[in-house]
Amino acid sequence: MAQEIRWVQLFMKYKKALTRLQKVQVSDLASLSELEKEGLIQRFEYTYELSWKTLQDFLRYKGYIDFAGPNATLSLALQDGYITDADGWRKMKKSRELMPYIYDKEQVDLIAIDIAGIFADLLKQLCIRLEKELALQEHIDRAGKLF
(Lines give C-alpha, C1' and ligand atoms only; values in the text may rest on other atoms or scores of the structure.)
Protein backbone atom coordinates (compact mmCIF):
# COMPACT_ATOMS: atom_id res chain seq x y z
CA MET A 1 0.00 0.00 0.00
CA ALA A 2 2.80 2.45 0.87
CA GLN A 3 4.11 2.28 -2.72
CA GLU A 4 0.77 3.63 -3.95
CA ILE A 5 0.91 6.74 -1.77
CA ARG A 6 1.93 9.87 -3.66
CA TRP A 7 4.01 11.38 -0.85
CA VAL A 8 6.05 8.19 -0.71
CA GLN A 9 6.79 8.40 -4.42
CA LEU A 10 7.95 12.00 -4.02
CA PHE A 11 9.92 11.04 -0.93
CA MET A 12 11.90 8.47 -2.90
CA LYS A 13 12.82 11.18 -5.42
CA TYR A 14 13.71 13.51 -2.55
CA LYS A 15 16.04 10.92 -1.01
CA LYS A 16 17.83 10.50 -4.33
CA ALA A 17 18.20 14.25 -4.72
CA LEU A 18 19.51 14.59 -1.17
CA THR A 19 22.04 11.83 -1.80
CA ARG A 20 23.26 13.69 -4.88
CA LEU A 21 23.53 16.92 -2.90
CA GLN A 22 25.53 15.17 -0.19
CA LYS A 23 27.98 13.76 -2.77
CA VAL A 24 29.39 17.23 -3.39
CA GLN A 25 32.52 17.40 -1.26
CA VAL A 26 32.17 20.63 0.70
CA SER A 27 34.77 20.11 3.39
CA ASP A 28 36.79 22.91 1.81
CA LEU A 29 34.53 25.28 -0.11
CA ALA A 30 37.50 27.41 -1.14
CA SER A 31 38.83 24.48 -3.16
CA LEU A 32 35.63 24.12 -5.20
CA SER A 33 35.70 25.56 -8.68
CA GLU A 34 33.04 28.00 -9.83
CA LEU A 35 31.41 25.19 -11.80
CA GLU A 36 31.38 22.88 -8.76
CA LYS A 37 29.76 25.62 -6.65
CA GLU A 38 27.14 26.15 -9.32
CA GLY A 39 26.51 22.40 -9.34
CA LEU A 40 26.14 22.42 -5.56
CA ILE A 41 23.65 25.28 -5.81
CA GLN A 42 21.64 23.58 -8.55
CA ARG A 43 21.50 20.32 -6.61
CA PHE A 44 20.34 22.30 -3.59
CA GLU A 45 17.62 24.00 -5.63
CA TYR A 46 15.95 20.81 -6.79
CA THR A 47 16.43 19.11 -3.42
CA TYR A 48 14.76 22.03 -1.66
CA GLU A 49 11.87 22.01 -4.16
CA LEU A 50 11.34 18.30 -3.58
CA SER A 51 11.53 18.80 0.19
CA TRP A 52 8.59 21.15 0.45
CA LYS A 53 6.57 19.35 -2.23
CA THR A 54 7.08 16.05 -0.41
CA LEU A 55 6.02 17.71 2.85
CA GLN A 56 2.96 19.18 1.14
CA ASP A 57 1.85 15.76 -0.12
CA PHE A 58 2.65 14.17 3.23
CA LEU A 59 0.54 16.74 5.10
CA ARG A 60 -2.32 16.21 2.67
CA TYR A 61 -2.02 12.47 3.27
CA LYS A 62 -2.28 13.23 7.00
CA GLY A 63 -5.57 15.04 6.39
CA TYR A 64 -4.70 18.69 5.90
CA ILE A 65 -6.48 20.08 2.86
CA ASP A 66 -6.76 23.86 3.00
CA PHE A 67 -3.21 24.94 2.16
CA ALA A 68 -0.88 25.20 -0.81
CA GLY A 69 2.62 26.37 -1.64
CA PRO A 70 5.86 26.45 0.30
CA ASN A 71 4.86 29.10 2.86
CA ALA A 72 1.78 27.27 4.10
CA THR A 73 3.47 23.89 3.86
CA LEU A 74 6.50 24.92 5.91
CA SER A 75 4.29 26.68 8.48
CA LEU A 76 2.17 23.56 8.98
CA ALA A 77 5.21 21.30 9.11
CA LEU A 78 6.81 23.53 11.75
CA GLN A 79 3.56 23.74 13.71
CA ASP A 80 3.22 19.95 13.79
CA GLY A 81 6.90 19.30 14.48
CA TYR A 82 7.78 17.55 11.23
CA ILE A 83 10.54 20.11 10.79
CA THR A 84 12.29 22.20 13.39
CA ASP A 85 14.54 25.25 13.28
CA ALA A 86 12.10 27.78 11.90
CA ASP A 87 14.87 30.33 11.33
CA GLY A 88 16.96 27.87 9.34
CA TRP A 89 14.03 26.87 7.11
CA ARG A 90 13.07 30.52 6.57
CA LYS A 91 16.63 31.34 5.59
CA MET A 92 16.72 28.34 3.27
CA LYS A 93 13.46 29.36 1.59
CA LYS A 94 14.62 32.94 1.17
CA SER A 95 17.96 31.81 -0.28
CA ARG A 96 16.18 29.54 -2.74
CA GLU A 97 13.94 32.40 -3.86
CA LEU A 98 16.94 34.67 -4.44
CA MET A 99 19.02 32.16 -6.40
CA PRO A 100 17.80 33.14 -9.88
CA TYR A 101 19.05 36.69 -9.18
CA ILE A 102 22.52 35.87 -7.86
CA TYR A 103 25.30 36.61 -10.30
CA ASP A 104 28.40 37.64 -8.40
CA LYS A 105 31.03 35.36 -6.90
CA GLU A 106 30.65 36.64 -3.34
CA GLN A 107 26.95 35.85 -3.23
CA VAL A 108 27.54 32.41 -4.77
CA ASP A 109 30.16 31.74 -2.09
CA LEU A 110 27.80 32.82 0.70
CA ILE A 111 25.02 30.58 -0.60
CA ALA A 112 27.44 27.65 -0.93
CA ILE A 113 28.54 28.18 2.68
CA ASP A 114 24.92 28.16 3.87
CA ILE A 115 24.13 25.03 1.85
CA ALA A 116 27.10 23.19 3.33
CA GLY A 117 26.80 24.61 6.83
CA ILE A 118 23.06 24.82 7.45
CA PHE A 119 20.72 23.73 4.67
CA ALA A 120 22.08 20.25 3.93
CA ASP A 121 21.70 19.31 7.59
CA LEU A 122 18.11 20.57 7.73
CA LEU A 123 17.27 18.62 4.59
CA LYS A 124 18.88 15.51 6.11
CA GLN A 125 16.85 15.95 9.31
CA LEU A 126 13.68 16.09 7.25
CA CYS A 127 14.69 12.92 5.44
CA ILE A 128 15.23 11.10 8.74
CA ARG A 129 11.84 12.26 10.02
CA LEU A 130 10.02 11.16 6.87
CA GLU A 131 11.81 7.80 6.95
CA LYS A 132 10.35 7.29 10.44
CA GLU A 133 6.89 8.23 9.16
CA LEU A 134 7.25 5.80 6.26
CA ALA A 135 8.39 2.99 8.57
CA LEU A 136 5.39 3.67 10.82
CA GLN A 137 3.04 3.58 7.84
CA GLU A 138 4.52 0.31 6.61
CA HIS A 139 4.15 -1.17 10.11
CA ILE A 140 0.50 -0.10 10.20
CA ASP A 141 -0.05 -1.57 6.72
CA ARG A 142 1.47 -4.93 7.77
CA ALA A 143 -0.53 -5.01 10.99
CA GLY A 144 -3.72 -4.31 9.05
CA LYS A 145 -3.07 -7.30 6.81
CA LEU A 146 -2.83 -9.57 9.84
CA PHE A 147 -6.36 -8.79 10.99
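See the structure above.
Residues numbered from 1 in each chain as written. Predicted model: local features only at pLDDT ≥ 70, side-chain atom pairs only at ≥ 80, totals over all residues. Heavy atoms only, no water.

Here we come to the layout of surface pockets. In this structure, the largest pocket spans a volume of roughly 310 Å³. Taken together, 16 residues line the largest pocket, and the ones lying closest to its centre are Glu-34, Glu-38, Ile-41, Asp-104 and Val-108. Breaking the lining of the largest pocket down by element, the ones donating at least two residues are α2 (34-61) and α5 (105-146). Here the lining of the largest pocket gets six residues from one element, more than from any other, and that element is α2. In terms of residue class, the lining of the largest pocket is built from seven nonpolar, two polar and seven charged. (1 Å grid on protein atoms, 1.4 Å probe; cavity = no way out; pocket = protein on both sides within 12 Å on 5 of 7 lines; lining within 4 Å. Points joined across faces, edges and corners; volume = space filled by probe spheres on them. Helix = DSSP H or I, 4+ residues; strand = E, 2+ residues; numbered from the N terminus. Nonpolar A, V, L, I, M, F, W, Y, C, P; charged D, E, K, R; others polar.)

So, on to the side chain of Lys-37. Relative to the assigned elements, Lys-37 resides in helix α2. Lys-37 gets classed as buried once you look at its relative accessible area, which sits at 8%. A distance of 2.7 Å separates a polar atom in the side chain of Lys-37 from a polar atom in the side chain of Asp-109. Those residues in contact with Lys-37 that sit more than four places away from it in its chain are Leu-29, Leu-32, Lys-105, Val-108 and Asp-109. (Buried < 20%, exposed > 50% of the residue type's maximum accessible area, 1.4 Å probe, protein only. Polar contact = N/O pair within 3.5 Å; in protein donor to acceptor, adjacent residues only side chain to side chain. Contact = heavy atoms within 4.5 Å.)

The interhelical angle for the contact between helix α3 (residues 69-79) and helix α4 (residues 86-98), taken along N-to-C directions, is 165°, at an axis separation of 11 Å. The orientation of α3 relative to α4 falls into the category roughly antiparallel. The hand of the α3/α4 crossing is right-handed. Contacts between α3 and α4 involve Pro-70, Asn-71, Leu-74 and Leu-78 on the former and, on the latter, Ala-86, Trp-89 and Lys-93. Split into classes, the residues belonging to the contact of α3 with α4 amount to five nonpolar, one polar and one charged. (Axes fitted to C-alpha atoms, helices over the stretch in contact; angles between N-to-C directions. Parallel < 35°, antiparallel > 145°, perpendicular 65-115°, else oblique. Left-handed = near helix turned anticlockwise from the far one by under 90°.)

Before going further, it helps to spend a moment on the packing of aromatic side chains. Summed over all chains, the structure comprises seven aromatic pairs. Taking 4.9 Å as the distance between ring centres and 85° as the angle between the ring planes, the aromatic pair formed by Phe-58 and Tyr-82 counts as edge-to-face. You can see Phe-58 sitting in helix α2 and its partner Tyr-82 sitting in the loop between α3 and α4, a full 24 residues away along the chain. Accessibility classification places Phe-58 together with Tyr-82 in one group, the buried group. Linked through ring pairs, Trp-7, Phe-11, Tyr-14, Phe-58, Tyr-61 and Tyr-82 together constitute an aromatic cluster. (Phe/Tyr/Trp six-rings, centres within 6.5 Å; stacked < 30°, edge-to-face > 60°.)

What follows deals with α4. A rise of 1.5 Å per residue sets the reference length of α4, with its 13 residues, at 18 Å; its end C-alpha atoms lie 18 Å apart and thus fit the reference within 8%. Inspection of α4 places Gly-88, Trp-89, Met-92, Lys-93, Ser-95 and Arg-96 among the buried residues, and these make up the whole buried set. Down the axis of α4, the buried side of the element spans an arc of 165°, and every buried residue falls inside it. Among the exposed residues of α4, those oriented more than 90 degrees off its buried face are Asp-87, Arg-90 and Lys-94. (Expected span 1.5 Å × (residues − 1). Arc of directions from axis to C-beta.)

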